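Structure at a glance
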Amino acid sequence: MIIDFPKLDIPVDFISSKNIDFEILEYYTKFPCRIKSAIFFLCTDGEITVTINLSDYTFQKGDFTFLIPDSFIQLQTISREFKFSFVAFSSGFLEKTPLLQSIFELIPVINIHPVKKLNETEYNTQKRFFDFLAYCFSDGSYLLTPNTIQSVFNILIEQVKATYQAQYHADKHKMSREYQIYMEFSLLLRQNFTAQHHLSFYADKMGLSLQHLSRVIKKMTGKNATKIIDSLLLMEAKSRLKFSSAPIKTLASDIGFTNTSFFYRWFKTRTGLTPQQYKEEV
C-alpha cells in the first residue's frame, strides 16, 4: 500500500508507514500545511530542515518529534538520502480520547523544543515499534481493532511524556517570568489567532500591558509579536487556499477577514499574488 504524507488530516483513525522518502516529500516544500492529526515522527536516515510554527529545525537520523494537532509545517531542504517513519491519528480519533489532556502541561515545551535526539537503544526500540505498526497497517490490518489503536496511542503518548518530561522540568527549574509569559502567549495564540488578529486581545487576556507583552515576545523570540500573528495568519491562508475547495470569501471569513477585498489586498501585499493566483499557480 502506498502512503502519502497526511496533508491536513487523515481519512481513518490510524495510519502508519516507514521509509517515506524524498520523492513524496518534495511536493510539500511549496507551501505550508496545518496538520489536523497527531503525528509521531522518527527520522531514520539523511537530513531535513522543517519550519514548525515559524521556527526552523533540522532532523537527522535518530531524531523524534510529536506534531501536535494544529501545528504548521513547511518543508525547506531535504537530502536525497532522507527517510522517516511515522504514526498518525486523525482528528476524529482524537475527539474520542481525552488522553491528549494528560500532556497539556508539556505542550509549550514541545512547541519550543520539538526535536528530541534518541540514544541508540531508544532509537532502535522506537524504529522496531514503528516498523511493526507500519506492517500492521499495510498487511496486518486485521490486528488494528479500535481497542488496539487506542492502546497504540496510549503507548505513544506515554513515550512523549518520557521523552519531553526531563525538558519540562529543566525549563521549569530555570523558568523566568518572561519565559512563562512567552509560553502562555504561544498557547493562547495557537488557540485564537484565526479569530483574534490583534496583540491587544492577548495582552488583555494575560493581564499585561500591550507594551510589556510586545517587549517580552521580542526579547524571547527576536521577532515582533504582531508580525508573529500575521505570519501565522498567512500560513493558515496559504494552507486553506491549497487544500480547501471552499470559495475564497468563505476561507477569508473563516480566518477572521470579514472584508474580502481587504483580505485580497492583505494577501497580495505579503505574497505578490492574489489568493486566486496562489490557489491556481503555486
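Residues numbered from 1 in each chain as written. Predicted model: local features only at pLDDT ≥ 70, side-chain atom pairs only at ≥ 80, totals over all residues. Heavy atoms only, no water.

1. A look at the overall build of the chain
- Counting its secondary structure elements, the chain contains 12 helices and 9 strands.
- Taken over C-alpha atoms, the radius of gyration comes to 19 Å for the chain, in line with the 19 Å a tight globule of 282 residues would show.
- The principal-axis extent of the C-alpha atoms belonging to the chain is close to 50 × 50 × 35 Å.
- Residues counted as buried form 48% of the 282 residues belonging to the chain.
- The long-range fraction of contacts in the chain, counting pairs at least 24 apart against all pairs at least 6 apart in sequence, stands at 77%.
- As displayed, the chain has an accessible area near 13,800 Å², and 51% of this comes from carbon and sulfur atoms.
- Once the 32 positive and 28 negative side-chain charges of the chain are each reduced to a mean point, those two points are 6 Å apart. (Helix = DSSP H or I, 4+ residues; strand = E, 2+ residues; numbered from the N terminus. Rg over C-alpha atoms; globule rule 2.2 N^0.38 Å. Buried < 20%, exposed > 50% of the residue type's maximum accessible area, 1.4 Å probe, protein only. Contact = heavy atoms within 4.5 Å. Areas by Shrake-Rupley, 256 points an atom, 1.4 Å probe, with all protein chains shown as cover. Lys, Arg positive; Asp, Glu negative; His and termini not counted. Charge placed at Lys NZ, Arg CZ, Asp CG, Glu CD.)

2. Some thoughts on the packing of helix α6 (residues 177-192) against helix α8 (residues 210-221)
- Where α6 contacts α8, the two axes come as close as 9 Å, and the packing angle between them is 95 degrees. Considering their axes alone, α6 and α8 lie roughly perpendicular with respect to each other. Across the interface between the two elements, Glu178, Tyr179, Ile181, Tyr182 and Phe185 of α6 pack against His212, Leu213, Val216, Ile217, Lys219, Met220 and Thr221 of α8.
- When the residues that make up the contact of α6 with α8 are grouped by side-chain class, the tally is 8 nonpolar, 2 polar and 2 charged. (Axes fitted to C-alpha atoms, helices over the stretch in contact; angles between N-to-C directions. Parallel < 35°, antiparallel > 145°, perpendicular 65-115°, else oblique. Nonpolar A, V, L, I, M, F, W, Y, C, P; charged D, E, K, R; others polar.)

3. Description of unusual backbone geometry
- A positive phi angle, close to 60 degrees, is found at Asn19, a residue other than glycine.
- Counting through the fold element by element, Asn19 comes out in strand β1 (residues 14-21).
- What makes Asn19 partly exposed here is its relative accessible area of 37%.
- Phi is positive for Leu54, which is not a glycine, with a value near 80 degrees.
- Relative to the assigned elements, Leu54 resides in the loop between β4 (47-52) and β5 (55-60).

4. Some points on helix α4 (residues 120-138)
- The end-to-end C-alpha distance of α4 is 27 Å, a good match for the 27 Å that 19 residues give at a rise of 1.5 Å each.
- Along α4, the residues that are buried comprise Tyr123, Gln126, Phe130, Leu133, Ala134, Cys136 and Phe137. In an axial view of α4, the angular spread of the buried residues amounts to 160 degrees, which keeps them on one side of the axis. Of the residues in α4, the exposed ones pointing more than 90 degrees away from the buried face are Glu120, Thr121 and Arg128.
- Its side-chain oxygen at 3.2 Å from the backbone nitrogen of Thr121, Asn119 defines the N-terminal cap of α4. (Expected span 1.5 Å × (residues − 1). Arc of directions from axis to C-beta. Polar contact = N/O pair within 3.5 Å; in protein donor to acceptor, adjacent residues only side chain to side chain.)

5. Considerations on the state of the cysteines
- On inspection of all chains with the given rule, the structure shows 0 disulfides.
- Left without a disulfide partner, Cys33 is nearest to the cysteine sulfur of Cys43, which lies 18 Å away. (Disulfide = S-S within 2.5 Å.)

6. Regarding helix α9 (residues 225-243)
- Here α9 contains 19 residues, and its C-alpha end-to-end distance of 27 Å stays within 8% of the 27 Å for a straight helix at 1.5 Å per residue.
- Of the residues making up α9, those classed as buried are Ala225, Ile228, Ile229, Leu232, Leu233, Leu234, Met235, Glu236, Ala237, Ser239 and Leu241.
- With a side-chain oxygen positioned 2.9 Å from the backbone nitrogen of Thr226, the residue opening α9 is Asn224.

7. Topic: the packing of helix α7 (residues 199-206) against α8
- Viewed as axis vectors pointing N to C, α7 and α8 meet at an angle of 100 degrees, and their least axial separation amounts to 9 Å. If you check the angle between α7 and α8, you find them roughly perpendicular. The residues of α8 that touch α7, namely those facing Leu199, Ser200, Tyr202, Ala203 and Met206, are Leu210, Leu213 and Ser214.
- Class assignment for the residues of the contact of α7 with α8 results in 6 nonpolar, 2 polar and no charged.

8. With respect to the nonpolar core
- The biggest cluster of nonpolar side chains holds 57 residues, and the ones touching the most others in it are Phe14, Phe40, Phe66 and Phe89.
- With 8 residues, helix α5 (residues 146-174) is the largest single contributor of residues to this core.
- Beyond its immediate sequence surroundings of up to four residues, Phe40 is in contact with Phe64, Thr65, Phe66, Ser85, Phe86, Val87, Phe89, Phe130, Phe153, Leu156, Ile157 and Val160.
- Residues Leu189, Phe193, Ala225 and Leu233 belong to the second largest nonpolar core, which totals 36 residues. (Core = buried A, V, L, I, M, F, W, Y, C linked by side-chain atoms within 4.5 Å.)

9. Structural notes on the confidence of the model for the chain
- Across the chain, the average pLDDT comes to 88, with 95% of residues at 70 or higher.
- Confidence, read as mean pLDDT per element, is least for helix α1 (residues 22-25) in the chain (75) and greatest for α7 (96). (pLDDT = per-residue confidence, 0-100.)

10. A few points about the pattern of salt bridges
- Taken as a whole and assessed by the stated rule, the structure comprises 11 salt bridges.
- Between Asp70 and Arg34 there is a salt bridge; the shortest N-O distance is 3.7 Å. Note that Asp70 is positioned in the loop between β6 (63-67) and β7 (71-78) and Arg34 in strand β2 (residues 33-35), a separation of 36 residues in sequence.
- Relative accessible area serves as the criterion here: at 26%, Asp70 is assigned to the partly exposed category.
- Between Lys117 and Asp63 there is a salt bridge, and its shortest N-O distance comes to 3.1 Å. Placement of Lys117 in strand β9 (residues 116-117) and of Asp63 in strand β6 is noted, with a sequence separation of 54 residues between them.
- On the basis of relative accessible area, Asp63 is assigned to the buried category, the value being 4%.
- A single salt-bridge network, built from bridges that share partners, covers Arg34, Lys36, Asp70, Glu236, Arg240 and Asp254. (Salt bridge = Lys/Arg side-chain N within 4 Å of Asp/Glu carboxyl O.)

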